[in-house]
Amino acid sequence: MSYINLITEIEGNIATIAINREKALNALNKVTLDELYSAFSEVFNDDRVRGIVLTGQGEKAFVAGADIKEFLGRTKEEGMDMARAGHRLFDFIQNAPKPVVAAINGFALGGGLELALACHIRIASTTAKMGLPEVSLGIIPGYGGTQRLSQLVGKGFAFEMILTGNMVEAERALQIGLVNHVVSGEELLTKAKEMLDVVASRSPKAISAAIRAINAVFGQKGFEVEIQEFGSCFGNSEFQEGVSAFLEKRKPKF
Ligand code: CAA
């Protein structure tokens, strides 16, 4: 299948999916979320494929978040619907029958970092910057970030990253367990593919079983709390100010 906002490729038994909206720093608009769901379905059902690399096109961004230009005017219910659409895709990736490695080649912010968090393994380039800056927009992470970041790096670092909204550099991300490896930009895809080559040489049924079992460590209840809280941020005056400030390229006044 061909896509408007994705570039997909299968080489040997590894598929690569690259988000391709470089001018918008690969931000996740509705079309891109839908296309990602289709592309992942396709590779999960393709018997040739034993592992998937997910990355962003260009050198600047993996994904700079949900598309903020689609935010303004949304109600609480629409905010919740938006969160549910993201959760549906990100749960699908997390519960994939095949391993998915995020190759983080630049900014991974908001929904972009949340997308990487839904993958099984994360590898970053030395120039990557990661963060959950949603509170600057008057919202909270809405694609599973409050849950998956806490699960991965622990509550302390999750509180720091989510409450400050500050970005972390690749080396810091490695220290706190946010990413598994840091390599140069030139080595990034090779490193991700090498790791998946190893996994691909193991029993595919055992790999699927291991993914299911590891995912079972964590509870699901908090995801619904996040959806409700994300939705309730929409429509209030701080949300209006945060989103307007981003679109007008100024600092918000809360
Ligand atoms: N949505 C829509 N457009 C975005 C975007 C986003 N998340 N991030 C960047 N862009 C666009 C910019 O608007 C700009 O477009 P124009 O050229 O049309 O003005 C283009 O991409 C380039 O961006 P900048 O000019 O801002 O580039 P920069 O180098 O000065 O800054 C940046 C880079 C720090 C990543 C900055 O773009 C930025 O802060 N982006 C927003 C990050 C963010 O807040 N992400 C969270 C989104 S909310 C979310 O994801 C909610 C959720 O949990 C589901």
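Preceding this section is the structure that the text describes.
Residues numbered from 1 in each chain as written. Predicted model: local features only at pLDDT ≥ 70, side-chain atom pairs only at ≥ 80, totals over all residues. Heavy atoms only, no water.

### Things to note about the side chain of aspartate 67
Counting through the fold element by element, aspartate 67 comes out in the loop between β4 (61-63) and α2 (76-94). We classify aspartate 67 as buried; its relative accessible area is 9%. Of note is the side chain of aspartate 67, whose polar atom sits 3.0 Å from the side chain of arginine 21. Looking at aspartate 67, its side chain comes within polar contact range of the main-chain nitrogen of lysine 69, at 2.8 Å. (Helix = DSSP H or I, 4+ residues; strand = E, 2+ residues; numbered from the N terminus. Buried < 20%, exposed > 50% of the residue type's maximum accessible area, 1.4 Å probe, protein only. Polar contact = N/O pair within 3.5 Å; in protein donor to acceptor, adjacent residues only side chain to side chain.)

### Thoughts on the nonpolar core
Counting 62 residues, the largest nonpolar core has Leu36, Phe40, Leu54, Ile104, Leu115, Met130 and Leu178 as its most contacted members. Val101, Ile121, Ile123 and Met195 belong to the second largest nonpolar core, which has 11 residues in total. (Core = buried A, V, L, I, M, F, W, Y, C linked by side-chain atoms within 4.5 Å.)

### Considerations on the packing of aromatic side chains
Across all of its chains, the model carries 7 aromatic pairs by this definition. With 5.6 Å between their ring centres and 45° between their planes, phenylalanine 40 and phenylalanine 44 make a pair best called tilted. Taken as a pair, phenylalanine 40 and phenylalanine 44 lie in helix α1 (residues 30-44) at a separation of 4 residues, close to a single helical turn. The exposure classification of phenylalanine 40 matches that of phenylalanine 44, with both residues buried. Their ring planes at 55° and their centres at 4.9 Å tell us that phenylalanine 230 and phenylalanine 234 sit as a pair that is tilted. You can call phenylalanine 230 buried: its relative accessible area is 3%. Taking the relative accessible area as the measure of exposure, phenylalanine 234 reaches 4% and is therefore buried. In this structure an aromatic cluster arises from ring pairing among Tyr37, Phe40, Phe44 and Phe92. Sitting above the plane of the tyrosine 37 ring, arginine 88 keeps its charged end 3.8 Å from the centroid. (Phe/Tyr/Trp six-rings, centres within 6.5 Å; stacked < 30°, edge-to-face > 60°. Lys NZ or Arg CZ within 6 Å of the ring centre and 35° of its normal.)

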